Amino acid sequence: MYVYDDYDRKLVTERVAQFRDQTSRFLAGQLAEEEYLPLRLQNGLYIQRHAPMLRIAVPYGLINSRQLRRLARITRDYDKNYAHFTTRQNLQLNWPKLEKVPDILAELAEVEMHAVQTSGNCIRNTTTDPFAGVAQDEIGDPRPYCELIRQWSTFHPEFAFLPRKFKIAVSGSETDRAAIQVHDIGLQLARRDNQTGFRVFVGGGLGRTPVIASEINSFLPEKHLLSYLEAIVRVYNLLGRRDNKYKARIKILVRAMGPEKFAEKVNAEWEKTRDGVQQLTPEAIEWAHDFFTDPDYRAYNREQSDAELALLANDNKAFARWLERNTVPHKKPGYRAVTLSTKPTGVPPGDVTDSQLEAIADLAEQFSFGEARITHEQNAVLSDVAQESLFSLWEAARAKGFATPNIGTLTDIICCPGGDYCALANAKSIPVAEAIQQRFDDMDYLYDLGDLSLNISGCMNACGHHHVGNIGILGVDKKGEEYYQIQLGGDSGNDSKLGKVLGPSFFREDVPDVIEKILDLYIEKRQPEELFADTYHRIGHAPFKERIYAAG
Amino acid sequence: MLQAEFAIVGGKVGHFDWVLLDQEGLQASEPARPELLPVQSLESHSHLFDGNSKGVWLDEAIAPAMLEENIQLKNRLLECPVIAIQFNAFTDGRGFSVARMLREQYGYAGQLLATGAFIRDQLSYLVRCGFDAFAPTAEQPPTAELLAEWCGSMQDFTVFYQDAADGAGPLFRQRFKTN
Ligand code: SF4
């Protein structure tokens, strides 16, 4: 994990001081509301429906036990004893007091954390694969590059007032688990002729106008990473639309210019700087990698360890299920990565209490070298658990409500805060998630359905990524009433696709019935081993539409 | 055009002597007066620049594309002792890019002046992007006392992760200097 040195510490401390001064000027009436707005946003502070909301950065989702404990304490001292994991691997507090925010930031700075650029029209927290560094299909570890990007983009003097927010995601593995094609910039680590580099995608994004990104560079050597990113963002800063908030994202610019033309502009800009000081030196790349070396893994015999685990699983069906759904293979023999589900029925997806944050800290310390990751799906991952400890971990996680074996299933719902918290919402999203979890709480049924993503957003800003869920639910407002539109066929991996709207929207009470009908049809039509997404793409949209809207 | 009474130059507050003239104001230009003229007038009113210390101002919206396409204009621009970049709204960040390009790519060495609607809390970033003079213009422009307070925000940060027009160089290079 990246460790701050004096430079980093100084920077965050200076930032806290700056924001403290800005906040006190605002409270004293010396800084106008509209001037304070972008400043507070770039420090993570929103004004929500009921109270301010503070979004704390968890750089590329990586967090250690000490930080988790501090967060738990902050939720107790400054909030209502819980926090929320976001789809961009950050953490939100829902009830902080505005005047206390500088104090919270100071507390965070003590554990090398901050809320810098988690909001506002600037470059946001870079996100990546929660299994970075341990995945079996990894081409290279994305985290060193995420850290280099984090540093480059933090307090970037040129890019703090972009036309709109700007999000970068990096994937280091063959299977894209970072949804890079729905980001403003998506970077796919690649190797060519013994060189490390990136495929560069731009102009992806969800929201009102969902777009899958276009590839503008098939191999960017790693040393050019920062100058190339700078060229992209500069072209966007100069040419992106500023007249209409809804047309201001880079995706609109890329679409209007065409990806080729956009790439030309970027290249022309990059030519001027590519050999300048931003070029990453071999020492810098090595230095970044040194923060993400392997922990002290023990040497296990793969066959033996796997056999022992299989034996345990044989004896205990509940454990076997959890093992199958909530853990994934690891690059090291005798280890697995474990996902702690934050989504038991009845709890808003991604919500964690103070004691759960502490529990994650304890579990991480006890089982996974003191580190955890927050995932895009709003869960937590312990990335390095020895297989021989899995059973004890499972029992401990169960006691804390983290072992619902639903990862990747229908009830592992991605859900935005929606109308319960968010001022922009058209409709509530949490109660819909809950109703679905309640309806489909039969684990046998869920397993039989297999991998299936269901994403819910409370408005078309799409924070819940409904466009890329196999099933997507969108809250809409019709004459002041809350309705829900359903889309099918979305996907966020290598083969990213946008879902297609089924038809007229539904009342909230009817959503679980509609989902059930969709699933029934899938079960009738599927071929052996066929996943929902595959069946949908094979048989097409029409049969689903027909089933749902048929008379009666 | 809105005029500024005071400006920060070289980290200090002083009277701002320059007069900002827009297209329509060009007729009123006086040979002896220090004036900032719209960049287009380098071509359309080139005589106004003869032998006088005139500067120009750029609308951040038109700057880079126009300069790329018109080399002659660009060269004349770079000879001006003062280039002002006019911020139409403080949330419009194009001026930051324009400034860096002027400094880092075109090698502009004269005074780079920020005018218009930028705010105090942007000063540290503006400095890093190459501005060395600041004359906020507004219906109610800041008083000299207030501007003096603004100066405190110029050094909000003393370390920087990334390179910019101030030549700080990326921190990753700094980090290896000592060892
Ligand atoms: S999708 Fe809409 S309702 Fe949900 S969090 Fe985003 S802005 Fe709020």
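Just so you know, these numbers come straight off a predicted model, no measurement behind them. (Residues numbered from 1 in each chain as written. Chains lettered and ligands numbered in written order. Predicted model: local features only at pLDDT ≥ 70, side-chain atom pairs only at ≥ 80, totals over all residues. Heavy atoms only, no water.)

1. Here we look at the overall build of chain A
Helix and strand counts for chain A come out as 18 helices and 20 strands. The C-alpha atoms of chain A give a radius of gyration of 23 Å, which matches the 24 Å a tight globule of 552 residues would have. Projected onto its principal axes, the C-alpha coordinates of chain A cover approximately 60 × 60 × 55 Å. A burial count over chain A gives 62% of its 552 residues as buried. Intrachain contacts of chain A at a sequence separation of at least 6 include 68% that bridge at least 24 residues. (Helix = DSSP H or I, 4+ residues; strand = E, 2+ residues; numbered from the N terminus. Rg over C-alpha atoms; globule rule 2.2 N^0.38 Å. Buried < 20%, exposed > 50% of the residue type's maximum accessible area, 1.4 Å probe, protein only. Contact = heavy atoms within 4.5 Å.)

2. Digging into the domain arrangement of chain A
Residue and element names in this part refer to chain A. Taken domain by domain, chain A consists of domain 1 (135–292), domain 2 (302–399) and domain 3 (414–549). Domain 1 and domain 3 are separated by 31 Å when their C-alpha centres are compared. Residue-level contacts link 12 residues of domain 1 with 12 residues of domain 3. Buried surface at the junction of domain 1 and domain 3, both sides included, amounts to about 1100 Å², of which 61% is carbon and sulfur. Summed over the three residues of domain 1 that lose the most area to domain 3, namely Leu206, Arg208 and Ile212, the buried surface amounts to 39% of that side. Where domain 1 packs against domain 3, one counts 0 salt bridges. (Domains from an automatic or database assignment. Buried area = accessible area lost by both parts, 1.4 Å probe. Salt bridge = Lys/Arg side-chain N within 4 Å of Asp/Glu carboxyl O.)

3. Regarding the site of the ligand
By nearness alone, every residue bordering the ligand is listed as Cys416, Pro417, Gly418, Cys422, Leu424, Ala425, Ser457, Gly458, Cys459, Asn461, Ala462 and Cys463 of chain A. Within the shell around the ligand, the residues separate by chemical class into 8 nonpolar, 4 polar and no charged. (Near = heavy atom within 4 Å. Nonpolar A, V, L, I, M, F, W, Y, C, P; charged D, E, K, R; others polar.)

4. Details of the side chain of threonine 23 of chain A
All names here are of chain A. Its location among the elements puts threonine 23 in helix α1 (residues 6–27). Overall, the relative accessible area of 3% leaves threonine 23 in the buried class. Setting aside its immediate chain neighbours within four residues, threonine 23 contacts Tyr36, Leu98 and Pro102.

5. Overview of the interface of chain A and chain B
Contacts between chain A and chain B engage 47 residues on the former and 37 residues on the latter. Roughly 3800 Å² is buried in total at the junction of chain A and chain B, and carbon and sulfur atoms are behind 59% of that figure. Inspection of the chain A/chain B interface yields 7 salt bridges. Salt-bridge contacts for aspartate 121 of chain B lead to arginine 25 of chain A; the nearest nitrogen and oxygen are separated by 2.6 Å. At the boundary of chain A and chain B, one finds 25 residue pairs in polar contact (both at pLDDT 80 or more). When residues of the side of chain A that touches chain B are traced back to their parent elements, those giving at least two are α1, α2 (33–41), α5 (143–153), α6 (225–239) and α9 (282–290) of chain A. Along the lines of polarity and charge, the residues of the side of chain A that touches chain B split into 18 nonpolar, 12 polar and 17 charged. (Polar contact = N/O pair within 3.5 Å; in protein donor to acceptor, adjacent residues only side chain to side chain.)

6. Details of the layout of surface pockets
Residues and elements named next belong to chain A. Empty space within the second largest pocket amounts to approximately 1200 Å³. Around the second largest pocket, the lining is made up of 46 residues, and of these Glu377, Gly408, Asp451, Leu452 and Ser453 lie nearest the centre. Among the elements of the structure, α11 (317–326), β11 (327–329), α15 (443–449), β17 (454–457) and α17 (532–539) are those that each provide at least two residues to the lining of the second largest pocket. Tallied by class, residues from the lining of the second largest pocket come to 15 nonpolar, 18 polar and 13 charged. (1 Å grid on protein atoms, 1.4 Å probe; cavity = no way out; pocket = protein on both sides within 12 Å on 5 of 7 lines; lining within 4 Å. Points joined across faces, edges and corners; volume = space filled by probe spheres on them.)

7. Structural notes on the sheet that holds β11 of chain A
Residue and element names in this part refer to chain A. A sheet is described by the order of its strands in space; here 5 strands give the open sequence β3-β14-β15-β12-β11, paired in antiparallel fashion. Edge positions in the sheet fall to β3 (62–64) and β11, since each has one partner strand and no second. Averaged over all pairs of adjacent strands, the angle between strand axes in this sheet comes to 30°, irrespective of strand direction. Across the face of the sheet, helix α3 (residues 65–78) comes into contact with β3 and β14 (371–374) while running at roughly 80° to β3. (Pairing = 2+ DSSP bridges. Axes fitted to C-alpha atoms, helices over the stretch in contact; angles between N-to-C directions.)

8. Description of the pattern of salt bridges
The tally for this structure, following the rule as stated, stands at 52 salt bridges over all chains. Across the salt bridge formed by aspartate 444 of chain A and arginine 321 of chain A, the nearest N and O atoms sit 2.1 Å from each other. With a gap of 123 residues between them, aspartate 444 of chain A in helix α15 and arginine 321 of chain A in helix α11 connect regions that are remote in the sequence. Measuring nitrogen to oxygen at the nearest pair gives 2.8 Å for the salt bridge that ties glutamate 35 of chain B to arginine 33 of chain B. The network of salt bridges with common partners includes Glu158, Glu230, Arg234, Glu269 and Lys272 of chain A together with Arg100 and Glu104 of chain B.

9. Some details on helix α12 (residues 354–367) of chain A
Residues and elements named next belong to chain A. With 14 residues, α12 should reach 20 Å at 1.5 Å per residue; the first-to-last C-alpha distance of 20 Å fits that figure. Within the span of α12, buried status applies to Asp354, Gln356, Leu357, Ala359, Ile360, Ala361, Leu363, Ala364 and Phe367. Once α12 ends, the next one or two residues include phenylalanine 369, with phi positive near 55°. (Expected span 1.5 Å × (residues − 1).)

10. Considering the packing of aromatic side chains
For the structure shown, the criterion picks out 35 aromatic pairs over all chains. Here the aromatic cluster, defined as three or more aromatic residues joined through ring pairs, consists of Phe161 of chain A together with Phe87, Phe90, Phe96, Phe118, Phe131, Phe134 and Trp150 of chain B. For the cation-ring pair, arginine 208 of chain A lies above tyrosine 246 of chain A, with the distance from its terminal atom to the ring centre recorded as 3.6 Å. The ring of tryptophan 394 of chain A has arginine 398 of chain A lying over it, and the distance from NZ or CZ to the ring centre is 3.9 Å. (Phe/Tyr/Trp six-rings, centres within 6.5 Å; stacked < 30°, edge-to-face > 60°. Lys NZ or Arg CZ within 6 Å of the ring centre and 35° of its normal.)

11. Quick word on the packing of helix α7 (residues 250–257) of chain A against helix α8 (residues 259–271) of chain A
Residues and elements named next belong to chain A. Taken N-terminus to C-terminus, the directions of α7 and α8 make an angle of 105°; their axes are 6 Å apart at the nearest point. The angle between α7 and α8 falls in the class roughly perpendicular. Between α7 and α8, the residues in contact are Ile250, Leu253, Val254 and Met257 and Pro259, Lys261, Phe262 and Lys265, respectively. (Parallel < 35°, antiparallel > 145°, perpendicular 65-115°, else oblique.)

12. Topic: empty space enclosed by the protein
Inspection of the entire model under this criterion finds 10 cavities of 30 Å³ or more. Lining the largest cavity are 14 residues, with Arg15, Gln18 and Leu39 of chain A together with Asp121 and Tyr125 of chain B sitting closest to its centre. Every element with two or more residues in the lining of the largest cavity is listed here: α1 and α2 of chain A together with α5 (123–128) of chain B. When residues in the lining of the largest cavity are grouped by element, the largest group, 3 residues, is from α1 of chain A. Considering only residue class, the lining of the largest cavity consists of 6 nonpolar, 6 polar and 2 charged. Estimates place the volume of the second largest cavity at around 100 Å³. Looking at the second largest cavity, the residues that line it are Ala57, Pro59, His114, Val116, Gln117, Ile123, Arg124, Asn125, Thr126, Arg150, Ser153 and Thr154 of chain A.

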